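Breakdown of the fold
Residues per chain, in single letters:
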Amino acid sequence: MEAVLGQNRQPSRYGFHQPEYVQDWSEPVARPMKRALLGETGVIWARDYRDIWVLAAHAPVIISDQLFGMVIKVDASTIWQPMLRATLLVILLAALGIYLGARRFLSLINPLIEELEEKNSANEAMIRTSPSGIVILNADGRVLVFNPAAEALLGYRADEMMGQPITRLMDPDVAARHEMALTRFIQTPERHAAGVQAKVSARHKNGISIPVHIDIGVIPLPNALHLVGIISDLRAQKAIEFELRQHRDELEHRVAQATTEIRAIIETAVSGIITISPQGIIQLFNPAAERLFGWQAGEVIGKNVSVLMQADIADQHDHYLASYLRTGQAKIIGVGREITAQRKDGSLFPAHLAVGHAVVNEEKQFFVGFVTDISVQKAHEQQLKQAKEAAEAGCRAKAAFIANVSHEVRTPMNTVIGYTELLMEDATLAARTVKYAEHILVASKALLAIINNILDVAKLESGKLELENIGFNLQNFLVNLMQTLESSATNKGLRLEYALDPGLPVRVMGDPDQLRHIILNLMSNALKFTHDGSVSLAVTLADHPEQIRFTISDTGIGMAREQVAALFAPFVQADDSTTRRYSGSGLGTAISKQLVELMGGTIEVESELGKGSLFHFTVRLPGAPENMECLFDDCAAPGHLTRPARQSQEMLSVERLYQPALQPLINDLLTALDTHDLVSAEALLHELTAVQPDLDLTTIINELNAFEFEKARVQIVSNALLSSRLIGSDVEP
């Protein structure tokens, strides 16, 4: 670097320069010096005497009022090299700073960017998946966002609505108001925070109006204002509201109707209805109560209910109510009782009072009393009591009458039967007289059977029939009983079967006579109404202890359902044609039912018309003590009894001894006897007499009763056999 100081007259040189440069005023010095002496300051670039680029700076300098020019020359190389180094250093440092700063900036800003991106994605997803329509508008009311729910609700696609005014979705009258309201809303910043909510009608793309709820909020941006609208479809809500209104109207109608009905019930009720408070104050008094007590409702409402009772009953009534409210234990609440009520005029009448307790809520409860005048009922009860006493007296008289009649009627009937039988033994009687005696005997026995049944029914109905409780051998008893029915079954060609459960007790306690009566009634009916097949008795243990079950089945004519329903009524048979064909009083099943019930059991019947009947009955027969002597112990041991038609081969052999001419008559006679057709039997017997004069008609007629047909039948066969011998038959016995 060189410094040259010069003056116009004699330049001089100062500074750090070599002496050899003093004399050399090259261009890079002369030119800037001239400018300095001219008072200019500046810098020039030029080549010096070494042909090296230099930088010469010049400036005027005043020293002691003298003007000097000062030039400072510096080689360019001495300037550029450090400047370049400095510049590079600065650039490197700047780059390093920028890099480090960028790294730091990015480390700080990236999470924020990611968070913003996540929030933006979440917002977009929320807008996209929202079940409510979401529309975002700019300040001019034009659509910026139109989510899928809005598309589904209003029918427009998002691309159709982008940039369109929101009024496109409104009815014209609503659109006009909307523009003004939107302007006012935007120009009122204090309303932005609260937003706007409204129920309006939106227009669907197809032109229909849709009720919607819109909630408008503000999205403030630095340089703009956006509005977001959330749109909810109100059609379902409107439908629900409509339905709720209908239900409410219906409920109000029903409540009003129920209130009217309850008022009508209370006002038209025959019984007096009175409501009182827990303190006993009358709150309601219906017209029937007015008629019962003689008080008007206005006179007693607000008074204590004791005005309607005698003093002692009122005190008792108040005590009951107080006790119930205190303990909750009901004595008169919820039940009816008889009281003596008091009218306004002080007269008393018997009444039935039922009290109920009603709780409306915690603060309101009351008691309801239903009062009925039972004066007429009491009078009827007195009449019924007198009638009952008279009926009981009549029953006692009837029982006494039955006791007398049972002797007075049976005695003469037995006398008639006895003397008729004796009369018929007289061989000197004319044939006509014998015939009359036969009719008397048959009719007398039939009448005696009917009288016995009627007397049994009367005893059962009056409760005068007492059962015996004696020990008897059940199995021997049943065998004995079945043997008495064998001949009747054989005569009709039926199989008579019975079976006993091995688990049955051998000896039991009960009334064998009445048990026989039941079984004979049912078995005789089964035999009577069965023409082909079998009649059977099965005896087993019942489900209950000490109960034995008897089952009687047949393959007879059966009964219709309506006939079964009336079967156990006294004097009833299946129908009139049955009575005409089979005769009988219709008392057997009725007596059997009463006897079964008297013996602690039940009786049932199953039957189908044309397919037979099945009777079940149970009776209580407890086991007899081991050391007790029992009836029927000496009878033959029981066994299973099954008899084919015509009883046995022996009987068939006897029947084969009939002469051919007698067989049709005998078969018809047996059928008539089995069916109790006595008129036909009589005619057939006379016809037989004409063919076989040696037949013993007197003996046969004497044996015509329901349980001795076998004797009659054997007698007929025996006489036929004797007759065939007398006329020289070659048939061996």
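Presented here is a report on the structure given in the accompanying data block.

Each value, and the rule that gives it
- Residues numbered from 1 in each chain as written.
- Predicted model: local features only at pLDDT ≥ 70, side-chain atom pairs only at ≥ 80, totals over all residues.
- Heavy atoms only, no water.
- Helix = DSSP H or I, 4+ residues; strand = E, 2+ residues; numbered from the N terminus.
- Buried < 20%, exposed > 50% of the residue type's maximum accessible area, 1.4 Å probe, protein only.
- Contact = heavy atoms within 4.5 Å.
- Areas by Shrake-Rupley, 256 points an atom, 1.4 Å probe, with all protein chains shown as cover.
- Pairing = 2+ DSSP bridges.
- Axes fitted to C-alpha atoms, helices over the stretch in contact; angles between N-to-C directions.
- Phe/Tyr/Trp six-rings, centres within 6.5 Å; stacked < 30°, edge-to-face > 60°.
- Lys NZ or Arg CZ within 6 Å of the ring centre and 35° of its normal.
- Core = buried A, V, L, I, M, F, W, Y, C linked by side-chain atoms within 4.5 Å.
- 1 Å grid on protein atoms, 1.4 Å probe; cavity = no way out; pocket = protein on both sides within 12 Å on 5 of 7 lines; lining within 4 Å.
- Points joined across faces, edges and corners; volume = space filled by probe spheres on them.
- Nonpolar A, V, L, I, M, F, W, Y, C, P; charged D, E, K, R; others polar.
- Left-handed = near helix turned anticlockwise from the far one by under 90°.
- Parallel < 35°, antiparallel > 145°, perpendicular 65-115°, else oblique.
- Expected span 1.5 Å × (residues − 1).
- Polar contact = N/O pair within 3.5 Å; in protein donor to acceptor, adjacent residues only side chain to side chain.
- Salt bridge = Lys/Arg side-chain N within 4 Å of Asp/Glu carboxyl O.

Concerning the overall build of the protein chain
Within the protein chain, the regular secondary structure consists of 22 helices and 23 strands. A burial count over the protein chain gives 37% of its 733 residues as buried. Partitioning the contacts of the protein chain with sequence separation of at least 6, the portion at a separation of at least 24 is 56%. Surface accessibility of the protein chain: about 42,000 Å² in total, with carbon and sulfur atoms responsible for 57%.

Remarks on the sheet that holds strand β6 (residues 133–137)
Across the sheet, five strands lie side by side as β7-β6-β10-β9-β8; this open sheet has antiparallel pairing. In the strand order of this sheet, the two ends are held by β7 (143–146) and β8 (196–203), each with one partner. Each strand of the sheet is rotated relative to its neighbour by a mean of 30°, with strand direction disregarded. Each of β8, β9 (209–220) and β10 (225–233) touches helix α6 (residues 235–268); the most contacted strand, β9, lies at about 130° to it.

Remarks on the sheet that holds strand β13 (residues 336–342)
Strand order across the open sheet formed by five strands is β12-β11-β15-β14-β13, with antiparallel pairing between neighbours. With partners counted over all chains shown, the strands left at the sheet margins are β12 (282–285) and β13, one partner each. Geometrically, the sheet is characterised by an average inter-axis angle of 30° between neighbouring strands, direction not taken into account. Pairing of strand β11 (residues 272–276) with β12 involves three bridges; the strand directions are antiparallel. By the bridge assignment for β12, T275 is matched with L284.

Details of the packing of aromatic side chains
For the structure shown, the criterion picks out five aromatic pairs. Aromatic pair F472 and F477: ring centres 5.3 Å apart, planes at 65°, arrangement edge-to-face. By relative accessible area, F477 is classed as buried at 0%. Cation over ring: K344 sits above W295, and NZ or CZ is 5.3 Å from the ring centre.

Observations concerning the nonpolar core
Counting 45 residues, the largest nonpolar core has L515, F550, F617 and L621 as its most contacted members. Core analysis: the next-biggest nonpolar cluster, separate from the first, contains 26 residues, I276, I282, L308 and F349 among them.

Looking at empty space enclosed by the protein
If you walk through the whole model with that rule in mind, you get four cavities of 30 Å³ or more. Approximately 160 Å³ is the volume attributed to the largest cavity. Of all the secondary structure elements, the ones that give two or more residues to the lining of the largest cavity are β11, β13, β14 (348–359) and β15 (365–373). Take the lining of the largest cavity: its biggest share by element is four residues, from β15. Here the lining of the largest cavity is composed, by residue class, of 13 nonpolar, two polar and no charged. Considering only enclosed or pocket space, the second largest cavity measures out at about 100 Å³ in volume. Taken together, V135, L137, I166, M170, H178, L182, I214, I216, L227, V228, G229 and I231 make up the full set of residues lining the second largest cavity. With four residues, the single largest contributor to the lining of the second largest cavity is β10.

Details of the packing of helix α14 (residues 512–528) against helix α17 (residues 588–598)
One can describe the packing of α14 onto α17 by two numbers: an axis separation of 9 Å at closest approach and a directional angle of 145°. Crossing handedness for the pair α14 and α17: left-handed. The segment α14 lies against α17, with Q514, H517, I518, N521, L522 and N525 engaging G588, T589, I591, S592, L595 and V596. For the contact of α14 with α17, the per-class residue count stands at five nonpolar, seven polar and no charged.

Quick look at the packing of helix α13 (residues 474–491) against α14
Geometrically, a packed helix pair is captured by the angle between its two axes and the distance between the axes. Between α13 and α14, the shortest axis-to-axis distance is 11 Å and the interhelical angle comes to 30°. In terms of axis orientation, α13 runs roughly parallel to α14. Between α13 and α14 lies a crossing of right-handed hand. Residues L474, F477, L478, L481, M482, T484, L485, S488 and A489 of α13 form the contact with α14, whose own contacting residues are P512, L515, R516, I519, L520, M523, S524 and L527. The residue makeup of the contact of α13 with α14, split by class, is 13 nonpolar, three polar and one charged.

Remarks on α14
An ideal rise of 1.5 Å per residue puts 24 Å on 17 residues; α14 measures up with 23 Å between its terminal C-alpha atoms. Taking burial as the measure, the 17 residues of α14 include 13 buried ones, the bulk of the element. With a side-chain oxygen lying 3.2 Å from the backbone nitrogen of D513, the N-terminal cap of α14 falls on D511.

Let's talk about the layout of surface pockets
When its volume is computed, the second largest pocket comes out at roughly 460 Å³. Lining the second largest pocket are 21 residues, with M170, H178, V200, I214 and I216 positioned closest to its centre. For the lining of the second largest pocket, the elements supplying multiple residues, two or more each, are α5 (172–186), β8 and β9. Examining the composition of the lining of the second largest pocket, we find that seven residues originate from one element, α5, more than from any other. The residue inventory of the lining of the second largest pocket, partitioned by class, reads 16 nonpolar, two polar and three charged.

Observations concerning the pattern of salt bridges
Throughout the structure, instances matching the rule amount to 14 salt bridges. Where K205 meets E160, a salt bridge forms, and the shortest distance between an N and an O atom there is 3.0 Å. Here the residue K205 occupies a position in the loop between β8 and β9, and E160 occupies one in helix α4 (residues 158–161), the gap between them amounting to 45 residues. Ionic contacts of the salt-bridge type, sharing partners, join the residues R157, D159, E160 and K205 into one network.

A few points about unusual backbone geometry
One non-glycine residue, E546, lies in the positive phi region at around 65°. Locating E546 in the fold gives a position in the loop between β19 (534–541) and β20 (547–554). Here the phi dihedral of F632 falls at roughly 70°; this positive angle occurs in a residue that is not glycine. Positionally, F632 belongs in the loop between β22 (612–620) and β23 (641–643).

Thoughts on helix α9 (residues 311–327)
Helix length check: α9, at 17 residues, gives a terminal C-alpha distance of 24 Å against a target of 24 Å (1.5 Å per residue), a fit within 8%. For α9, the complete set of buried residues consists of I313, A314, H317, L321, S323 and Y324. Buried-residue contacts for α9 involve β11, β13, β14 and β15. Residue G328 follows α9 closely and has a positive phi angle near 80°.

Quick look at the environment of A59
Residue placement: A59 occurs in strand β4 (residues 53–63). Look at A59 and you get partly exposed, because its relative accessible area is 25%. For the pair A59 and G42, spaced 17 residues apart in sequence, the C-alpha separation works out to 6.7 Å. Apart from the residues lying within four places of it in its own chain, the contact partners of A59 are A36, E40, T41, F68, G69 and M70.

Things to note about the side chain of T530
Within the secondary structure layout, T530 lies in the loop between α14 and β19. We classify T530 as buried; its relative accessible area is 0%. In this structure the side chain of T530 is engaged in a polar contact, spanning 3.5 Å, whose partner is the backbone nitrogen of G556. Setting aside residues no more than four positions away along its own chain, T530 makes contact with K492, L494, V535, D554, T555 and G556.

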